[in-house]
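# Structural features, examined
One letter stands for each residue in the lines below.
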Amino acid sequence: MSHVEIGILEFASVWAPYGGNDAEAFVQFGLTSEEFHRRLIRLLGSPAARMLTNSTVATLRRQCYRRLYPLADGSTHPGSRTRR
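Predicted, not measured: the structure shown is a model, and the values here were computed from it.

### Details of empty space enclosed by the protein
Enumeration according to the criterion identifies one cavity of 30 Å³ or more in this entry. Of the pockets and cavities examined, the largest cavity occupies roughly 60 Å³. Lining the largest cavity are Phe11, Ala12, Trp15, Gly20, Asn21, Asp22, Phe36, His37, Leu40, Leu60 and Gln63. For the lining of the largest cavity, the secondary structure elements donating two or more residues are helix H1 (3–15), helix H3 (33–44) and helix H4 (54–68).

Okay, structure coming up:
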């Protein structure tokens with residue numbers, strides 16, 4: 001596990017209660033929103049995710065899927081805090 005991967009997990013867990021922070025993720029890691037969330041999904045399935053609570057992992061997975069797979073009409077998924 002690289003320092004960057006650990007940083008992504010830590011960053012995502014800090015911002016999880018607020019729905020994430022795509023702009024700051026780009027500044028911190030140089031990743032677009034799609035790249036960041038694809039990488040995060042992969043990391044959440046790795047042993048490194050054991051450092052997070054089950055609740056945090058579930059929250060982050062939901063946030064990733066909402067970012068990666070928005071509804072066809074451009075709206076967000078029910079219960080999403082993300083605004084367009």
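### As for the nonpolar core
Ile8, Leu9, Phe36, Leu40, Leu44, Leu52 and Leu60 are the most contacted members of the largest nonpolar core, which totals 17 residues. When residues of this core are traced back to their parent elements, those giving at least two are H1, H3 and H4.

### Comments concerning the environment of His37
Inspection of the secondary structure puts His37 in helix H3. Measuring from C-alpha to C-alpha, the distance between His37 and Tyr65 comes to 8.1 Å, with 28 residues separating the pair along the chain. Among all residues touching His37, those that are not within four sequence positions of it are Asp22, Cys64, Arg67 and Leu68.

### Section: the pattern of salt bridges
Following the criterion strictly, the structure yields three salt bridges and no others. The salt bridge involving Glu5 is made with Arg42; its shortest N-O contact spans 3.3 Å. One end of the pair, Glu5, is in helix H1; the other, Arg42, is in helix H3, and 37 residues separate them in sequence. Its relative accessible area of 49% is what places Arg42 among the partly exposed residues.

The rules behind the values
- Residues numbered from 1 in each chain as written.
- Predicted model: local features only at pLDDT ≥ 70, side-chain atom pairs only at ≥ 80, totals over all residues.
- Heavy atoms only, no water.
- 1 Å grid on protein atoms, 1.4 Å probe; cavity = no way out; pocket = protein on both sides within 12 Å on 5 of 7 lines; lining within 4 Å.
- Points joined across faces, edges and corners; volume = space filled by probe spheres on them.
- Helix = DSSP H or I, 4+ residues; strand = E, 2+ residues; numbered from the N terminus.
- Core = buried A, V, L, I, M, F, W, Y, C linked by side-chain atoms within 4.5 Å.
- Buried < 20%, exposed > 50% of the residue type's maximum accessible area, 1.4 Å probe, protein only.
- Contact = heavy atoms within 4.5 Å.
- Salt bridge = Lys/Arg side-chain N within 4 Å of Asp/Glu carboxyl O.

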